[in-house]
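One letter stands for each residue in the lines below.
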Amino acid sequence: MAPQYNAETTGSELVTEFAAQIKGKVILTTGVSPKSLGAQFVQLIAEAEPALLILTGRNTTKSQQTAEVVAKAHPNVKTRVLKLDLGSLASVREGAAEVNSWDDVPHIDVLVNNAGIMAVPFALTADGYESQYATNHLGHFLFTNLIIDKLLKSSEPRLVSVSSDAHRFSPVRFDDNDFHRGENYNKWIAYGQAKTANMLMALSFAEKLGKKGLVAVSLHPGVIGTNLGDAVDWTGGDVALLNSVDKTLGNREAWEDGLKWKTHDQGVATHVFAAFHPSLKEHNGAYLQDAHVADPWTETVKPWGTSPVEAERLWKLSEKQVGQEFTYN
């Protein structure tokens, strides 16, 4: 049966459709600076009157700008800004501690791990990890685990991990996670590793906490012109490098005619679907695109992003990297 939604579906349409599921919810979204998908997402769902939008970012001034846009359009919707630098484990711990200290926010209904960086030059974080992997995955892994009790206090807890079809570029490189300290670094392969990790983390949370009611999914939003691509030269060498990776791996995208761009409204449709569609309770751990569960027979879903073995290996590696174990019974 053909999916009910497709690449043309907009977030605005789905906010209208899922208004009852959004109303009254407490939603925490990472990465909400202006012109980002995170900002577009929270500005759209504000129309359905959530109880509270928690907006996180490395730069609180930028997050506050998004909060002010929401307040101007929907003055009855409460917002709260949280400083969260996902590239710093210390900052993540501080941010999580602040969330857990909020007695007036006893639960969080939906956590949308949206923040990320893409195809940046090689760098190590202060903790010593490759920056795309650290920011896109490791920071979210630690933050989610540290606030998970507050999420599980919701009657319908949901975790959304924003990945990408760029996961096709690489599995998790368990034996060379940091590209030999940059010696063999490829910005697109590094991005692919991080996006695969986003998929595997959702799979792990679904497996470990599904029995407690948590629904965890990952998604590919599409190709959208946002500030995520600020480090990419879309007219020159970076696109050639991307194409070279696809050709080396034999991915069909290498021979397709250009990128299929979405509008911002279309780009957050899968965010809205992932966060609020009731049917996803039957698809826990799934990877989504174009506002439906992606079909590995016809769409880009690499097996290394859906393997329970790879997911558990990543969980163990991530625990070691953040210096803390997280066990759920």
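Nothing here was measured: the structure is a model prediction, and the numbers come from that model.

S.K.: Even after reading the chapter, I still don't get the packing of helix H3 (residues 37–45) against helix H11 (residues 269–276), so can you show me in this structure?
M.R.: Relative placement of two packed helices is described by the angle separating their axes and the distance separating the axes. Where H3 meets H11, the axes come as close as 10 Å, and the angle between the chain directions of the two elements is 60°. The angle between H3 and H11 falls in the class oblique. You can see that H3 and H11 cross each other, and the crossing is right-handed. On the side of H3, the interface is formed by Leu37, Phe41 and Ile45, while H11 contributes His271, Val272, Ala275 and Phe276. Looking at the contact of H3 with H11, its residues break down into six nonpolar, one polar and no charged.

S.K.: Please clarify how empty space enclosed by the protein should be interpreted in this entry.
M.R.: Gaps between atoms show up when a probe of the same size as a water molecule is rolled over them. Considering all chains together, one arrives at one cavity of 30 Å³ or more under this definition. By volume, the largest cavity is sized at about 30 Å³. Every residue lining the largest cavity is listed: Met199, Leu203, Ser218, Gly285, Ala286, Tyr287, Gly305 and Thr306. Per-class residue counts for the lining of the largest cavity are four nonpolar, four polar and no charged.

S.K.: Could you clarify how one ought to interpret the sheet that holds strand S5 (residues 158–162) in this entry?
M.R.: Backbone hydrogen bonds are what pair the strands of a sheet, in a parallel or an antiparallel way. With mixed pairing, the eight strands of this open sheet are ordered in space as S3-S2-S1-S4-S5-S6-S9-S10. Either end of the sheet is taken by a strand with one partner, and the two such strands are strand S3 (78–83) and strand S10 (292–293). Sheet topology places strand S6 (residues 215–220) next to strand S9 (residues 287–289); three bridges connect them, and they run parallel. Paired with leucine 219 across the bridge in S9 is leucine 288. Sitting on the sheet, helix H4 (residues 60–73) is in contact with strand S2 (52–57) and S3, with an inclination near 175° to S3.

S.K.: Help me understand the environment of alanine 90, please; the structure alone is not making it clear to me.
M.R.: With respect to the secondary-structure elements, alanine 90 resides in helix H5 (residues 89–101). Through-space distance from the C-alpha of alanine 90 to that of alanine 126 is 9.6 Å; in sequence the pair is 36 residues apart.

S.K.: Would you mind showing me how to read unusual backbone geometry here?
M.R.: Trans is the common state for peptide bonds, and a negative phi is the common state for residues other than glycine. The phi angle at alanine 119 is positive, at roughly 50°, despite the residue not being glycine. Along the polypeptide, alanine 119 turns up in the loop between strand S4 (110–113) and helix H6 (131–146). For alanine 119, a relative accessible area of 0% corresponds to the buried category. At alanine 291, a residue that is not glycine, the phi angle is positive and equals roughly 55°. One can find alanine 291 in the loop between S9 and S10.

S.K.: Looking at this structure, how should I read the packing of aromatic side chains?
M.R.: Aromatic ring pairs are defined here through the distance separating the ring centres and the angle between the ring planes. Under the defined criterion, the tally for this structure stands at nine aromatic pairs. Judged by centre distance (5.9 Å) and plane angle (70°), the ring pair of tyrosine 5 and phenylalanine 273 falls under edge-to-face. With tyrosine 5 in the segment before helix H1 (11–17) and phenylalanine 273 in helix H11, this residue pair connects regions lying 268 residues apart in the sequence. For the pair formed by tyrosine 5 and phenylalanine 273, the shared burial category is buried.

S.K.: For this particular structure, what's the right way to read the side chain of threonine 29?
M.R.: Tracing the sequence through the fold places threonine 29 in strand S1 (residues 26–30). The exposure class of threonine 29 is buried, given its relative accessible area of 1%. Those residues in contact with threonine 29, other than ones at most four positions away along the chain, are Gly38, Phe41, Val42, Ile54, Leu55, Thr56, Val112 and Asn114.

S.K.: Please clarify how H6 should be interpreted in this entry.
M.R.: Because each turn of an α-helix spans 3.6 residues, side chains separated by three or four positions in sequence point in the same direction. For H6, built from 16 residues, the straight-helix expectation of 22 Å at 1.5 Å per residue is met to within 8% by its first-to-last C-alpha distance of 21 Å. Leucine 138 marks where H6 bends most, by close to 30°. Within H6, 15 of the 16 residues are buried, leaving the element largely enclosed by the surrounding structure. Of the residues flanking the start of H6, the one acting as N-cap is glutamate 130, its side-chain oxygen 2.9 Å from the backbone nitrogen of glutamine 132.

S.K.: Sorry if this is basic, but what is going on with the pairing of S1 here?
M.R.: Walk down a regular strand and you will see the side chains alternate between the two sheet faces. Burial analysis of S1 places five of its five residues in the buried class, which makes it a mostly covered element. Here S1 runs beside S2; their pairing, made up of five bridges, is parallel. The residue of S2 that forms the bridge with threonine 30 is threonine 56. With respect to chirality, the unit in which S1 leads through H3 into the neighbouring parallel S2 is right-handed. The sheet contact formed by S1 and S4 spans three bridges and is parallel. Of the residues in S4, the one forming a bridge with isoleucine 27 is valine 110.

Reading the values: rules and limits
Residues numbered from 1 in each chain as written. Predicted model: local features only at pLDDT ≥ 70, side-chain atom pairs only at ≥ 80, totals over all residues. Heavy atoms only, no water. Axes fitted to C-alpha atoms, helices over the stretch in contact; angles between N-to-C directions. Helix = DSSP H or I, 4+ residues; strand = E, 2+ residues; numbered from the N terminus. Parallel < 35°, antiparallel > 145°, perpendicular 65-115°, else oblique. Left-handed = near helix turned anticlockwise from the far one by under 90°. Contact = heavy atoms within 4.5 Å. Nonpolar A, V, L, I, M, F, W, Y, C, P; charged D, E, K, R; others polar. 1 Å grid on protein atoms, 1.4 Å probe; cavity = no way out; pocket = protein on both sides within 12 Å on 5 of 7 lines; lining within 4 Å. Points joined across faces, edges and corners; volume = space filled by probe spheres on them. Pairing = 2+ DSSP bridges. Buried < 20%, exposed > 50% of the residue type's maximum accessible area, 1.4 Å probe, protein only. Phe/Tyr/Trp six-rings, centres within 6.5 Å; stacked < 30°, edge-to-face > 60°. Expected span 1.5 Å × (residues − 1). Bend = angle between axes of the 7 residues up to and from the residue. Polar contact = N/O pair within 3.5 Å; in protein donor to acceptor, adjacent residues only side chain to side chain. Right-handed = clockwise from strand over helix to strand, strands pointing away.

These figures come from the coordinates and say nothing about function on their own.
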